[in-house]
Amino acid sequence: MEIHDIFVVGAGFMGSGIAQTAIQKGYHVTLNDQRSDALERAKAGIRARLDRLVAKERMTAEEVEACMGRLTISTSLEGAAHAGLAIEAIYEDLEAKKAVFRQLDQICDPSTILASNTSSISLTSLGASTGRPEQVVGMHFFSPVPVMRLLEVVYGLRTSKATLDTAMEVGASLGKRMILAKDKPGFIVNRMLLPMLNEAVQILDEDIGSVEDTDEGMKLGCNHPMGPLELADMVGLDILLEVMETFYADLGDTKYRPAHLLRKMVAAGYTGQKSGMGFYRYENGKKVGVNPVLQK
Ligand code: 3HC
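Sequence order as written defines residue numbering, which begins from 1 separately in each chain. With the structure being a predicted model, the display of local features is reserved for residues of pLDDT at least 70 and the display and counting of side-chain atom pairs for 80 or more, all residues being used for whole-chain, interface and lining totals. Hydrogens are left out, water is left out, and the side-chain values use all remaining heavy atoms of the structure.

**Q** What exactly am I supposed to notice about the site of the ligand here?
**A** Working definition: residue near molecule or strand if any one of its non-hydrogen atoms lies within 4 Å of it. Every one of the 19 residues lining the ligand counts as a neighbour, but Lys56, Arg58, His140, Ser143 and Asn190 are closest to it. Pairs of N or O atoms are called polar contacts if they sit within 3.5 Å, as long as, within protein, a hydrogen donor faces a hydrogen acceptor (for residues adjacent in sequence, only side-chain-to-side-chain pairs). At 2.6 Å from an oxygen atom of the ligand is found a side-chain nitrogen or oxygen belonging to Lys56. Arg58 has a polar side-chain atom sitting 2.6 Å from an oxygen atom of the ligand. Shrake-Rupley sampling with a 1.4 Å probe provides the accessible areas, and residues are treated as covered by the protein chains on show and by no other component. Out of a free accessible area of 1,000 Å², the ligand has 63% covered by protein chains. Every element with two or more residues in the shell around the ligand is listed here: α7 (189-205) and α9 (228-235). Going along the chain from the N terminus, every DSSP run of H or I of four or more residues is numbered as a helix, and every run of E of two or more is numbered as a strand. Ranked by residues supplied to the shell around the ligand, first place goes to α9 with three residues. Note on residue categories: nonpolar means Ala, Val, Leu, Ile, Met, Phe, Trp, Tyr, Cys or Pro, charged means Asp, Glu, Lys or Arg, and polar means any other residue, Gly included. Across the shell around the ligand, the residue classes tally to twelve nonpolar, four polar and three charged.

Written as C-alpha cells, this is what we have:
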C-alpha cells in the first residue's frame, strides 16, 4: 500500500522528530497535539533544525521551504481522516493511548494504518481498542529521530502481514534500517537499554560513583556516545519511570524495579532535558553542569 500522507499525534521530542524526518523524505505530514503552544514550539524546532542543515550546506533554503510547506499543524484529530498512516507518539500511558486509537479508528478511512511509537505498551492491547487490529502496528523510533538509523517494527498478535510490509516500506523510505520485534514489553532495544539506564540511577543512589563518573565509565569504558544518566535525561526521567513500572508489572522480576532515586527525581519535577533539570542542569537545551542537589 502506497502512503503519501502521515498524521502524527503528539508534538513532543519524538513526534516532532518523526514529522521532520517524514517531510524531509517528501511526505505530507499533519502534526497534531491538544496544545497549540506545543505545536508552535515543535514547528519552530523543526525549522531551526532544517535551517542548521542549510548552514551546513546539506540543504538549500528552497528545500527547507518545500519541507515546511508539507507540514501542517493541527489541534484536531479530524485531519487524520484521509492519511494513509497515523503514528501516535504521546506519553507512555495505556489508557491515554487507547483513547487516541479509539478516536483515530472512528475518524480514519478504513484503509488507514494505525501505528504507535510506544516503547513498552502492548500493541495487541492497542489493536484491541480498535475495530481494525490487523492494521495496528508498532513503529518505534529512536531519539533523536532524524539522526538515529533504527526503526523497530513491532507486531501484535493480530497485526497482518500486509500492515507489517507497509510499515517496513515506510521505514525504508524514511531512510531507516528495520528490526522486527514481537509484542512484549520493551521489545528488543528498550528491554536491554532501559534497565541499564535504571541501573545507572541505582549506582548513583548507592553512592558508588558520581553523576559524571557513572557517565564517563560507559563513554570511555564501553564507547557509548552518551553516558546513561545523560541519555536518561534525554529520554525523559518520567518516561523511563513509566517504562520501568510497565516492565516490573508485566515481566514481574525485581530486576526491573525502578530505582528509588528515579522515583524521587520525577516527584521533584526533575524530568530531564525537557524541564531544564535532570541528572544535569540545562540552559537552552544545552548541558551546563550537574544538578546541584546531586553534587558531592
Ligand atoms: N535533532 C536532529 N539532529 C540532531 C539532534 C536532534 N535533536 N541532536 C543532534 N543532532 C545531529 C547534529 O545536528 C549532528 O548532525 P551532523 O553530524 O550531520 O552535523 C549530529 O546529530 C551529531 O550531533 P552533535 O555533533 O551535536 O553531537 P554528538 O556527536 O554528541 O551526537 C547524538 C549527538 C546523535 C545524540 C549522540 O550523542 C548519540 O547518538 N547519542 C545516543 C542516542 C541514543 O542512544 N538514542 C536512543 C535513545 S533510546 C530511545 O530513543 C528509545 C525510546 O523509546 C526511549
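The discussion continues.
**Q** Got a minute to help me understand the nonpolar core in this structure?
**A** For soluble globular proteins, the rule of thumb is that nonpolar side chains tend to be buried together. Side-chain atoms within 4.5 Å link the members of a nonpolar core, which is a set of buried Ala, Val, Leu, Ile, Met, Phe, Trp, Tyr and Cys residues. We call a residue buried when its accessible area falls under 20% of the maximum for its residue type, exposed when it is over 50%, and partly exposed in between, using a 1.4 Å probe and counting protein chains only. In this structure, Ile6, Val29, Leu50, Leu85, Met139 and Phe141 are the most contacted members of the largest nonpolar core, which totals 37 residues. Contacts of Phe141, omitting those with residues within four sequence positions, involve Met14, Ile18, Ile87, Asn117, Leu150, Leu151, Leu174 and Lys176. Counting residues in each nonpolar core, the second largest holds 26 residues, with Ala200, Leu231, Phe247 and Leu262 among its members. We call two residues contacting when some pair of their heavy atoms lies within 4.5 Å.

**Q** Would you mind going over the pattern of salt bridges with me for this structure?
**A** Opposite charge on two side chains permits them to pair, given that their charged atoms come into close proximity. Here, a salt bridge means any side-chain nitrogen of Lys or Arg that lies within 4 Å of a carboxyl oxygen of Asp or Glu. Evaluated as defined, the whole model comprises 14 salt bridges. The residue Asp37 makes a salt bridge to Arg35 at a minimum N-O spacing of 3.0 Å. Measuring nitrogen to oxygen at the nearest pair gives 2.5 Å for the salt bridge that ties Lys97 to Glu88. Overall, the relative accessible area of 0% leaves Lys97 in the buried class. Residue classification places Glu88 among the buried positions, given a relative accessible area of 0%.

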